[in-house]
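Now for the letters of each chain:
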There are 2 protein chains.
Amino acid sequence: MSNASKTVSDVINDQFEALTRAEKQLAKSLLDNYPVSGLGSITTVAENARVSTPTVARMVQKLGFKGYPDFQSRLHQEVEATISNPLTKHDRWASNAPGTHILNRFADAIMGNLRQTLTDIDAATFDNVATLLSEPKRGLYFVGGRITGALAEYFFTHMQVIRPNTTLLSSNSSSWPQYVLNMNPGDLLVIFDIRRYEQEMVSLAAAARRRGAEIIVFTDQWASPAVKYAKHTFRVQIEAPSAWDSSVVTLFIIEALIEAVQSSTWDETSERMKTLEGLFEQTRLFRKLG
Amino acid sequence: MSNASKTVSDVINDQFEALTRAEKQLAKSLLDNYPVSGLGSITTVAENARVSTPTVARMVQKLGFKGYPDFQSRLHQEVEATISNPLTKHDRWASNAPGTHILNRFADAIMGNLRQTLTDIDAATFDNVATLLSEPKRGLYFVGGRITGALAEYFFTHMQVIRPNTTLLSSNSSSWPQYVLNMNPGDLLVIFDIRRYEQEMVSLAAAARRRGAEIIVFTDQWASPAVKYAKHTFRVQIEAPSAWDSSVVTLFIIEALIEAVQSSTWDETSERMKTLEGLFEQTRLFRKLG
DNA sequence: TGGAAACTGAAATTATTTCTTCATTTGTGA
DNA sequence: TCACAAATGAAGAAATAATTTCAGTTTCCA
């Protein structure tokens, strides 16, 4: 039964529901700080999980291993596979050198941010936002601040291909009232507002809300004041070993949303993309002929 | 004696010359594929190194450990330190979402891209580019395509704060010749060109090169044709479980570069940022008074 | 070349780990 | 509330690991 390609953690997860209370407690302990927490003796593992050694022995057999030593040697193989990954090696070398390279430090921070953000994020929120974004009747507006404007533009550029009725607000706040004027109830306004929150964003959110628009806010863990008008909020971890905040994780969520919307509306979208290809082709021809 | 910060491998290396023949043989076996090779029982380790168990027991004591279990628990700690590095953790993303949720699949893909990119990337290239970018005499130009334009803009917005003499090329290629006209030898042109490579990019790169500009290209693993004019190239992994390519890792490198440049020119940059703050403040005042 | 010192691993001993048994506890449905 | 099944851990048995002893071997120097 035990597929050779499955990791120990896969096996634990697969059978988790079939485990008893004490075993679940043990399983959690093993998955927490996996796979290192399974490296010690059966006694140590049992103590760490606050269960008895027989519980450990029984569970590993229940999971399909011949016994604790068998279970542990599998873990050793996984540790080996993880550690002999070139990047890990690179990292170990670099950490010997004084002052780790900025690339490594940045990678560490980003990974931490991504992990934390994904832990915090509510899958239901994500799915709801994806659904809202994929309804073509709703007008779709994007707006960002000085730094986040590029993110708004990135999101906009993709959504513009996927669906009609999509608008990017100029980063110049004096022109915003005109956009609000055209919003209808049920339209969506996607706001990016990160740290040094921009005062005008709150006013914009309030005005759009009064027009009946639904508001989605991308902000940081401290939350822009605009969230009080928001139907859905994404709080993203943005800290990096830098004088600037990081937008990497925000971009990650944007791309995931793009894909979620795209795949839920694939029929129409693929048509649109074909048409768009044709238009590009024509443009090129114009140039050559002209 | 044994400095707490010394790794087991350090200890072995330090005392290597004082070891006997069989012990050296064992030491080599341990260092080869370190630290995983020391994970098993004393018997296993002895067998792998083709020495007897007493040799192992004697050597670990000679190295200053209380015994084999002591030696091994030290190794476990090191494995833990290596593995619990955020970069190597790739399981359990959004714990509340099912494993097949787009967020989790995306996270896996991005992680893979980041690892691969970091493995491929040359730290020297990175440092050289950071140095080039931080020389204020060089004019700095950014250009991107339809999708990557937002990345160019993001990079530009930050660099514009950090240093003077920075320009973002319009995404409309018909205006590019005018920019090239103003380029001087030694100026830098940062090009983003990812898949569906845009023909005009190559022409732009060639023209800029003829004017004596140095060219830096951000592209994907298949490489834009513009790289043949490039002084430095970043090849980024861009594949995602999506109809679209992912820009997350590209943004990661951009942010790391921003930080590298910023920290190397902190004195001037901090002055500039203070001045900028003052300007923002004035703008706000204007509005209130006006 | 002889002999002492150092090295090595087989084997015995000791310590620890792993597994099994079984009594107690916990939970569940009649 | 009771009876039964399932779960759990204490305790001991079995297995394995770690250490020590010791005798054979090698090395090195006079």
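Criteria and cut-off values
Residues numbered from 1 in each chain as written. Chains lettered and ligands numbered in written order. Predicted model: local features only at pLDDT ≥ 70, side-chain atom pairs only at ≥ 80, totals over all residues. Heavy atoms only, no water. Near = heavy atom within 4 Å. Polar contact = N/O pair within 3.5 Å; in protein donor to acceptor, adjacent residues only side chain to side chain. Helix = DSSP H or I, 4+ residues; strand = E, 2+ residues; numbered from the N terminus. Phe/Tyr/Trp six-rings, centres within 6.5 Å; stacked < 30°, edge-to-face > 60°. Buried < 20%, exposed > 50% of the residue type's maximum accessible area, 1.4 Å probe, protein only. Pairing = 2+ DSSP bridges. Right-handed = clockwise from strand over helix to strand, strands pointing away. 1 Å grid on protein atoms, 1.4 Å probe; cavity = no way out; pocket = protein on both sides within 12 Å on 5 of 7 lines; lining within 4 Å. Points joined across faces, edges and corners; volume = space filled by probe spheres on them. Nonpolar A, V, L, I, M, F, W, Y, C, P; charged D, E, K, R; others polar. Contact = heavy atoms within 4.5 Å. Buried area = accessible area lost by both parts, 1.4 Å probe. Salt bridge = Lys/Arg side-chain N within 4 Å of Asp/Glu carboxyl O. Core = buried A, V, L, I, M, F, W, Y, C linked by side-chain atoms within 4.5 Å.

- The name given to chain A in an unreviewed UniProt entry is DNA-binding MurR/RpiR family transcriptional regulator, with the source organism recorded as Rhizobium paranaense.

A short note on the protein's contact with DNA strand D
Working step 1: Around DNA strand D there are 17 residues in total, and Thr20(A), Ala22(A), Thr55(A), Arg58(A) and Ile42(B) lie nearest to it.
Working step 2: In DNA strand D, the atoms that sit within 4 Å of the protein are 68% sugar and phosphate, with bases accounting for the remainder.
Working step 3: Thr55(A) places a side-chain nitrogen or oxygen 3.0 Å from a phosphate oxygen of DNA strand D.
Working step 4: Interatomic distance of 3.1 Å between a side-chain N/O atom of Arg58(A) and a base nitrogen of DNA strand D.
Working step 5: Where the surface near DNA strand D is concerned, the elements lending two or more residues are helix H2 (21-31) and helix H4 (53-62) of chain A together with helix H3 (42-49), helix H4 (53-62) and helix H5 (68-83) of chain B.
Working step 6: Sort the elements by how many residues they give to the surface near DNA strand D and H4(B) lands first, with four residues.

A short note on the packing of aromatic side chains
Working step 1: In the structure shown here, the tally under the stated rule is 16 aromatic pairs over all chains.
Working step 2: With a centroid separation of 6.4 Å and an interplanar angle of 70°, the aromatic rings of Phe142(A) and Phe156(A) are classed as edge-to-face. Remark: Phe156(A) occurs in helix H9 (residues 149-162) and Phe142(A) occurs in strand E1 (residues 140-143); sequence separation between them is 14 residues.
Working step 3: Owing to a relative accessible area of 0%, Phe142(A) belongs among the buried residues under this scheme.
Working step 4: For Phe156(A), a relative accessible area of 13% corresponds to the buried category.
Working step 5: Aromatic side chains Phe65(B) and Phe71(B) sit 5.3 Å apart centroid to centroid with 80° between the ring planes, which places their arrangement in the edge-to-face category. Both residues of the pair, Phe65(B) and Phe71(B), count as buried.

Let's talk about the pairing of strand E1 (residues 140-143) of chain B
Residues and elements named next belong to chain B.
Working step 1: Of the two faces of E1, both are covered, the one formed by Leu 140 and Phe 142 as well as the one formed by Tyr 141 and Val 143.
Working step 2: Judged from the three bridges that link them, E1 and strand E2 (residues 166-168) form a sheet pairing that is parallel. Each residue of the ladder has a partner; that of Tyr 141, found in E2, is Thr 167.
Working step 3: What joins E1 to E2 is helix H8 (residues 149-162), and the crossover it makes is right-handed.
Working step 4: Where E1 and strand E3 (residues 188-192) come together, four bridges link them in parallel fashion. Note on E3: the bridge partner recorded for Phe 142 is Val 190.

Remarks on empty space enclosed by the protein
If a probe the size of a water molecule is rolled over the atoms, the empty space left behind becomes visible.
Working step 1: The tally for this structure, following the rule as stated, stands at five cavities of 30 Å³ or more.
Working step 2: The volume enclosed by the largest cavity comes to roughly 60 Å³.
Working step 3: Residue lining of the largest cavity: Ile110(A), Met111(A), Leu114(A), Val248(A), Val249(A), Phe252(A), Ile110(B), Leu114(B), Val248(B), Val249(B) and Phe252(B), and that is the complete set.
Working step 4: Within the lining of the largest cavity, the residues separate by chemical class into eleven nonpolar, no polar and no charged.

Focus: the environment of Thr250(B)
Residue and element names in this part refer to chain B.
Working step 1: Following the sequence through the fold, Thr 250 ends up in helix H11 (residues 248-264).
Working step 2: Assessed through its relative accessible area of 2%, Thr 250 is described here as buried.
Working step 3: The sequence separation of Thr 250 and Asn 113 amounts to 137 residues, and the corresponding C-alpha distance is 10.0 Å.
Working step 4: Apart from the residues within four sequence positions on either side, Thr 250 is in contact with Leu 151, Phe 192, Phe 218 and Val 236.

A look at the interface of chain A and chain B
Working step 1: With 71 residues of chain A in contact, the opposing surface of chain B contributes 75 residues.
Working step 2: Across the chain A to chain B interface the summed buried area is about 6500 Å²; carbon plus sulfur atoms make up 66%.
Working step 3: Counting across the interface, chain A meets chain B through zero salt bridges.
Working step 4: Summed over the shared surface of chain A and chain B, the number is 14 residue pairs in polar contact (both at pLDDT 80 or more).
Working step 5: At the level of secondary structure, the elements contributing two or more residues to the side of chain A that touches chain B comprise helix H5 (68-83), helix H6 (86-96), helix H7 (102-120), helix H8 (123-133), H9, helix H12 (248-264) and helix H13 (266-289) of chain A.
Working step 6: Sorting elements by how many residues they give to the side of chain A that touches chain B places H7(A) first, with twelve residues.
Working step 7: Classifying every residue of the side of chain A that touches chain B by side-chain character gives 38 nonpolar, 17 polar and 16 charged.

A short note on the nonpolar core
Working step 1: Counting 95 residues, the largest nonpolar core has Phe155(A) and Phe155(B) as the members making the most contacts within it.
Working step 2: Not counting the four nearest positions on each side in its chain, Phe155(B) is found in contact with Leu133(B), Phe142(B), Val190(B), Phe192(B), Phe218(B), Ile254(B), Leu257(B) and Ile258(B).
Working step 3: Counting 23 residues, the second largest nonpolar core, distinct from the first, contains Val8(A), Ile12(A), Ala27(A) and Met59(A).

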